[in-house]
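The chain contents come next:
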Amino acid sequence: MSDRLSVFKTYKLYVGGKFPRSESGRVYEVTDSKDNWLANAPLSSRKDARDAVVAARKAFGGWSGATAYNRGQILYRVAEMLEGRKDQFVREVADAEGISKSKAAAQVDAAIDRWVWYAGWTDKVTQIVGGGNPVAGPFFNLSSPEPTGVVTVVAPRKSSFLGLVSVIAPVIATGNTAVVIASEDSPLPALSLGEVLATSDLPGGVVNILSGRTAEIAPPLAAHQDVNAIDLAGVEDEDLAKELEIAAADNLKRVVRPQPVDWSADPGTHRLTAFLETKTVWHPTGSLGASGSAY
């Protein structure tokens, strides 16, 4: 028998590139599908949510101003780091979702592949949602996408890792910053993802991860005046979803309503484009000489 003491992991929030405990000092028990204790997770408060928004806003300028190619490099680096810690995530996903190690491994592989897929889109999305517009008159009329800003993401409740990656990656790939509410039932893969992001060249504050009660954390974020959009992917309570949508309307937030999703299917580009604004610029073409020809 081993005479070593067990070293239990202390899970913490991921806010502003750091790993704080909840300012409230509260935790809640996380159990597996058979109700066996796995760990204590931080029970985030409204103050934690506000701190996360401040961190996300502070990081937005630098992240949105980075080149799309650079963002793609950083997202690819996240995939590299996930690949190196695959065994840990397989174990956590298997415990969280009550599935076999082989099924968990398939989900983790798919999540890593999805990071790579979104990394490849960072410098290509402009080509599908931007371009020159035909107008009557001597003008160039060009439309280009720009990030919306700070996005609150309610992660899927049951798909603890593949669904989580599927909602975070498109938000940050397009230059937004994110405040993520992890799955209430299975937050451990999300909190471990924070450790990967912290060592993947991703600037602190681009992604902030909170764990706790969705019904407690989501309303102040939906009403927060410095949050620009909200993805309700993980909200299963229709009344709560309606409450959040009404709160979000106060400052005209973009809202992605919850709907049934097969997270293993081809994700398409709709989550990439959901949190983009379109900037259109008019510019006179000018004329060449007396003939009046334009360029």
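Residues numbered from 1 in each chain as written. Predicted model: local features only at pLDDT ≥ 70, side-chain atom pairs only at ≥ 80, totals over all residues. Heavy atoms only, no water.

*Asks:* Can you walk me through the overall build of the protein in this structure?
*Replies:* Counting its regular elements, the protein contains 10 helices and 12 strands. In summary, the protein has a C-alpha radius of gyration of 21 Å against a globular reference of 19 Å for 295 residues, a match within 12%. Per-residue burial over the protein gives 46% buried out of 295 residues. Within the protein, contacts between residues at least 6 apart in sequence are counted, and of these 75% link residues at least 24 apart. Element-wise, carbon and sulfur atoms account for 53% of the exposed surface of the protein, whose accessible area totals about 14,000 Å². Side chains of the protein give 30 positive and 34 negative charges; the mean places of these two sets differ by 4 Å. (Helix = DSSP H or I, 4+ residues; strand = E, 2+ residues; numbered from the N terminus. Rg over C-alpha atoms; globule rule 2.2 N^0.38 Å. Buried < 20%, exposed > 50% of the residue type's maximum accessible area, 1.4 Å probe, protein only. Contact = heavy atoms within 4.5 Å. Areas by Shrake-Rupley, 256 points an atom, 1.4 Å probe, with all protein chains shown as cover. Lys, Arg positive; Asp, Glu negative; His and termini not counted. Charge placed at Lys NZ, Arg CZ, Asp CG, Glu CD.)

*Asks:* Where do I start with the packing of helix 8 (residues 214–223) against helix 9 (residues 238–248) in this structure?
*Replies:* How two helices sit against one another is set out by the angle between their axes and by the gap between those axes. Relative orientation of the contacting elements helix 8 and helix 9 amounts to 20°, with a least axis distance of 7 Å. By the criterion of interaxial angle, the relationship of helix 8 to helix 9 is roughly parallel. Remark: the crossing between helix 8 and helix 9 carries right-handed chirality. Every residue of helix 9 that contacts helix 8 at T214, A215, A218, P219, A222 and A223 is listed here: L240, E243, L244, A247 and A248. Split by residue class, the contact of helix 8 with helix 9 holds 9 nonpolar, 1 polar and 1 charged. (Axes fitted to C-alpha atoms, helices over the stretch in contact; angles between N-to-C directions. Parallel < 35°, antiparallel > 145°, perpendicular 65-115°, else oblique. Left-handed = near helix turned anticlockwise from the far one by under 90°. Nonpolar A, V, L, I, M, F, W, Y, C, P; charged D, E, K, R; others polar.)

*Asks:* Teacher, can you tell me more about the sheet that holds strand 10 (residues 276–284) here?
*Replies:* By definition, the strands of a sheet pair up through backbone hydrogen bonds, in either a parallel or an antiparallel sense. Read across the open sheet, the 3 strands follow the order 3-4-10; overall the sheet is antiparallel. Every other strand in the sheet has two partners, leaving strand 3 (131–132) and strand 10 as the edge strands with one partner each. Pairing geometry for strand 4 (residues 139–147) and strand 10, over 9 bridges, is antiparallel. Within strand 10, the position partnered with L142 by the bridge is V281. (Pairing = 2+ DSSP bridges.)

*Asks:* How should I be thinking about the packing of aromatic side chains in this particular structure?
*Replies:* A full pass over the atoms with the stated rule returns 5 aromatic pairs. Aromatic pair F8 and W37: ring centres 6.2 Å apart, planes at 70°, arrangement edge-to-face. Placement of the pair is F8 in the segment before strand 1 (27–31) and W37 in strand 2 (residues 37–42), with a sequence separation of 29 residues. You can call F8 exposed: its relative accessible area is 62%. With a relative accessible area of 41%, W37 lands in the partly exposed category. (Phe/Tyr/Trp six-rings, centres within 6.5 Å; stacked < 30°, edge-to-face > 60°.)

*Asks:* Would you mind showing me how to read the side chain of D48 here?
*Replies:* Looking at where D48 falls in the secondary structure, it is placed in helix 1 (residues 46–65). Of the side chains with opposite charge, R26 lies nearest to the buried D48, which makes no salt bridge, at 6.2 Å. Polar contacts involving the side chain of D48 include one to the side chain of S22, which spans 2.7 Å. Dropping the residues within four chain positions of it, D48 is found in contact with L13, R21, S22, E23, L43 and L210. (Salt bridge = Lys/Arg side-chain N within 4 Å of Asp/Glu carboxyl O. Polar contact = N/O pair within 3.5 Å; in protein donor to acceptor, adjacent residues only side chain to side chain.)

*Asks:* What exactly am I supposed to notice about the environment of T122 here?
*Replies:* Here T122 lies in the loop between helix 4 (101–121) and helix 5 (125–129). Judged by relative accessible area, T122 falls into the buried class, the value being 4%. Each C-alpha atom, one on T122 and one on A249, is 29 Å from the other, the two residues being 127 residues apart in sequence. Excluding its chain neighbours within four sequence positions, the residues that come into contact with T122 are A68, R71, G72 and A173. Of note is the side chain of T122, whose polar atom sits 2.9 Å from the backbone oxygen of A68. A polar contact is formed between the side chain of T122 and the backbone oxygen of A119, at a distance of 3.1 Å.

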